[in-house]
Amino acid sequence: MTSQAIATVEAYFDAFGRRDMERILAHFPPDATWTIPGDPALTPWAGSRTGPEGIRQSLTAFFTAVEPLAFELGTVVEADGRVLVPGRYASRFHPSGQVLESEMIMRFTVTDGLITDYRVFEDSLGITRAHLGEPLTAPPA
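Rules used in this analysis
Along each chain, numbering runs from 1 in the same order as the chain's sequence is written. Residue-level local features of this predicted model are given only where pLDDT is at least 70; pairs of side-chain atoms are given and counted only at 80 or more, and the full residue set underlies all totals for whole chains, interfaces and linings. In computing side-chain values, all of the structure's heavy atoms are included and hydrogens and water are not. Classification of ring pairs rests on two measures: the distance between centres of Phe, Tyr or Trp rings, Trp counted by its six-membered ring, which must be within 6.5 Å, and the angle between planes, read as stacked under 30 degrees, edge-to-face over 60 and tilted in between. Per the convention used, a helix needs a DSSP run of H or I reaching at least four residues, while a strand needs a run of E reaching at least two, with both numbered from the N terminus. Only protein chains enter the calculation, and the probe is 1.4 Å; a residue is then buried if its accessible area is under 20% of its type maximum, exposed if over 50%, and partly exposed in between. Two strands are said to pair when DSSP picks up at least two bridges between them.

A. Quick look at the packing of aromatic side chains. Tallying each qualifying case throughout the model produces 15 aromatic pairs. Aromatic pair Phe16 and Phe63: ring centres 5.5 Å apart, planes at 50°, arrangement tilted. Taken together, the residues Phe16 in helix α1 (residues 4-17) and Phe63 in helix α3 (residues 51-65) connect sequence positions 47 residues apart. According to the relative accessible area criterion, Phe63 is buried, its value standing at 16%. An aromatic cluster is defined as three or more aromatic residues linked by ring pairs; in this entry it consists of Tyr12, Phe13, Phe16, Phe28, Trp34, Trp45, Phe62, Phe63, Phe71, Phe93, Phe108 and Tyr118.

Written out as structure tokens, the structure reads:
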């Protein structure tokens, strides 16, 4: 049996996969927090945002700059309204055209059927480098 928290996260993923901004934002209350590691001056969708309009800004920048090539989720785990979702992805970053493959884990806090906090833990340095067109690995010494 799927918990309400997991069902909320699954509905979010469905909307996200369709890039349906209004359906995505319907899953967040006005005071929701949204955190993606990184410097928003270098990676426009990174940083902390509050509320649907802040989330819209982050996602608009993300959808413009990131072309998904592969996206795979692992086993979803829920405890006391916190949902952890591990996964792997491959994305092409624009305008650089670089591709990054990486692992991540997303943490959602769900209260009364809404996502009140979202945080992703991923390779923020690799993402910034791919987005800016910098080498993804350090040259050999």
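Don't stop here, the text continues.
B. Fine view of the pairing of strand β6 (residues 99-111). Strand direction decides the pairing type here: strand β5 (residues 82-93) and β6, joined by eleven bridges, are antiparallel. Each residue of the ladder has a partner; that of Gly87, found in β6, is Met104. Linking β5 back to β6 in an antiparallel pair, the connection comprises five residues, with Gly97 at a positive phi of about 80°. Inspection of the sheet shows β6 paired to strand β7 (residues 114-122) by eight bridges, in the antiparallel sense. Residue pairing for β7: Val110 is matched across the bridge by Ile115. The turn linking β6 back onto β7 is made up of two residues, and Asp112 within it adopts a positive phi angle of 50°.

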